[in-house]
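Each chain, written out:
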Amino acid sequence: MSTWELETEIESYYERGQERERLTRNARGRLEFARMQDLLRRKLPGASLDVLDVGGATGVHAKWLAEDGHRVTLIDPVASQVEVAAQLPGVTAVVGDARELPWDDASFDAVLLMGPLYHLTDREQRVQAVKEAARCARPGGIVAAATINRTAGWNDFLLFRAGGGDKGLSAEASLRIMREGTLRYFDQDIFTTAYLAHPSEVASEFADAGLAGAAQYAVQGPPGYIPELEALIDDEDVRQHLMDGLRIIEAEPSLLGASNHLLTVATVPAS
């Protein structure tokens, strides 16, 4: 049993179930989901893999990974989310914490952290989560982690105001978050306590966890900020053009921070 505890406000937020449809309910979510699928399918080290989805929530990624033919194990600290994920065909789901994974060394071909690093505001704990992922991954396998970029709160504030609302996020708070990185649950009503990182911070934390030289990819890129994204993502021809362009710029160092989300991927070295 993990000795770590999940902050009450984070658990309460996920218990409400608001995140369950986040990647499908609007254009911004659908672009993020499509890009994560595209990136992971290209970066996974083969077919029919043993994949560990850490902090996998209700299984939004575990579902398509299992449908792709991978053997998927999901772990999440919120019991109600694990109950939902456990109903997915081909997915084994357990309750647990990213900072203390209950598996032996080298148990999986790929370990995914698609959410845990969002909510670990302490650097040592983020490094611990990446270390645990690397420990559980086989040599030659990958560790992939999604993070929220430092400018995301500020960009969200501008988008909300452009749409005539503010979601409870003040201008002052959005600038503080951009300077400091830490978003607290009481700052606004759309998310919960989270850490927003610079791309270089994430690369440094991977290196401190023994995964130096990680590659980084902007997920949504600048198009993720387009207010009229709905008209683009649901037009088949324009959507393909959008995805093709994002592939071209996804690893451009000067644009890594110009995206709400970042994916960092490292190959686990031989011990």
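Model, not experiment: these values are computed from the prediction.

Q: Please give an account of the overall build of the protein chain that cites residues and values.
A: Summing up its helical and strand segments, the protein chain has 10 helices and 9 strands in all. Expressed as a percentage of its 271 residues, the buried residues of the protein chain come to 52%. Looking at the protein chain as shown, the accessible area adds up to about 12,200 Å², and 51% of this sits on carbon and sulfur atoms.

Q: Explain the pairing of strand β4 (residues 108-113) to me, and be specific about the residues and the numbers.
A: Most of β4 sits out of view: 6 of its 6 residues are buried. Summarising the sheet, strand β1 (residues 50-54) and β4 pair through 4 bridges and their orientation is parallel. By the bridge assignment, Leu-52 is partnered in β4 with Val-111. Inspection of the sheet shows β4 paired to strand β5 (residues 137-149) by 5 bridges, in the parallel sense. Looking across to β5, one finds that Phe-108 is bridged to Ala-137. A crossover connection joins β4 to the parallel β5 through helix α5 (residues 123-136); in handedness this β-α-β unit is right-handed.

Q: Help me get a handle on the pattern of salt bridges, residues and values and all.
A: Where charged atoms from two side chains of opposite charge come close, those side chains can pair. Using the criterion set out here, one finds 20 salt bridges in the structure. Here Lys-63 makes a salt bridge to Glu-67, at a shortest N to O gap of 2.7 Å. One end of the pair, Lys-63, and the other, Glu-67, are both in helix α3 (residues 60-67), 4 residues apart, so they sit about a helical turn from each other. When its relative accessible area of 40% is taken as the criterion, Lys-63 is described as partly exposed. In this structure Glu-67 comes out as exposed when scored by relative accessible area, which is 55%. One salt-bridge network, in which partners are shared between bridges, spans Arg-35, Asp-38, Arg-42, Arg-247 and Glu-250.

Q: How would you explain the nonpolar core if you had to name every residue and give the values?
A: Counting residues in each nonpolar core, the largest one holds 38 residues, and the members touching the most others are Met-114, Ala-144 and Leu-263. If we ignore the near neighbours within four places in the chain, the residues touching Leu-263 are Met-36, Leu-39, Leu-40, Met-114, Ala-144, Ala-145, Ala-146, Ala-215, Gln-216, Tyr-217 and Val-219. Counting residues in each nonpolar core, the second largest holds 27 residues, with Leu-52, Phe-108, Ala-133 and Val-143 among its members.

Q: Give a detailed account of unusual backbone geometry, specifying residues and quantitative values.
A: Positive phi outside glycine occurs at Ser-48, with the angle close to 50°. Summarising the element assignment, Ser-48 is placed in the loop between α2 (27-43) and β1. Residue Ser-48 is classed as partly exposed on the basis of its relative accessible area of 37%. Despite not being glycine, Ala-106 has its phi angle at roughly 55°, a positive value. Assignment of secondary structure puts Ala-106 in the loop between β3 (91-95) and β4.

Q: Please give an account of a nonpolar patch on the surface that cites residues and values.
A: Taken together, the side chains of Trp-154, Leu-158 and Leu-175 define a hydrophobic patch exposed on the protein surface, amounting to about 240 Å² of accessible area. Secondary-structure assignment places Trp-154 in helix α6 (residues 152-162). Relative accessible area serves as the criterion here: at 33%, Trp-154 is assigned to the partly exposed category.

Q: Could you give an account of the packing of aromatic side chains, with specific residues and numbers?
A: Scanning the entire structure with this criterion turns up 1 aromatic pair. On the basis of an interplanar angle of 90° and a centroid distance of 5.6 Å, the ring pair of Trp-103 and Phe-108 is categorised as edge-to-face. Of note, Arg-126 hangs over the ring of Tyr-195, and the distance from its end group to the ring centre comes to 3.9 Å.

Q: Any chance you could break down the packing of α2 against α3 for me, citing the residues and the numbers?
A: Packing of α2 against α3 leaves a shortest axis separation of 12 Å and a crossing angle of 45°. Accordingly, the angle class assigned to the pair α2 and α3 is oblique. As α2 runs across α3, the sense of the crossing is right-handed. Two secondary-structure elements touch here, α2 through Phe-33, Met-36, Gln-37, Leu-40 and Arg-41 and α3 through Val-60, His-61 and Trp-64. Of the residues belonging to the contact of α2 with α3, the class tally is 5 nonpolar, 2 polar and 1 charged.

The rules behind these values
Residues numbered from 1 in each chain as written. Predicted model: local features only at pLDDT ≥ 70, side-chain atom pairs only at ≥ 80, totals over all residues. Heavy atoms only, no water. Helix = DSSP H or I, 4+ residues; strand = E, 2+ residues; numbered from the N terminus. Buried < 20%, exposed > 50% of the residue type's maximum accessible area, 1.4 Å probe, protein only. Areas by Shrake-Rupley, 256 points an atom, 1.4 Å probe, with all protein chains shown as cover. Pairing = 2+ DSSP bridges. Right-handed = clockwise from strand over helix to strand, strands pointing away. Salt bridge = Lys/Arg side-chain N within 4 Å of Asp/Glu carboxyl O. Core = buried A, V, L, I, M, F, W, Y, C linked by side-chain atoms within 4.5 Å. Contact = heavy atoms within 4.5 Å. Patch = residues over 30% accessible without salt bridge, like charges linked within 9 Å, V, L, I, M, F, W, Y side chains within 5 Å. Phe/Tyr/Trp six-rings, centres within 6.5 Å; stacked < 30°, edge-to-face > 60°. Lys NZ or Arg CZ within 6 Å of the ring centre and 35° of its normal. Axes fitted to C-alpha atoms, helices over the stretch in contact; angles between N-to-C directions. Parallel < 35°, antiparallel > 145°, perpendicular 65-115°, else oblique. Left-handed = near helix turned anticlockwise from the far one by under 90°. Nonpolar A, V, L, I, M, F, W, Y, C, P; charged D, E, K, R; others polar.

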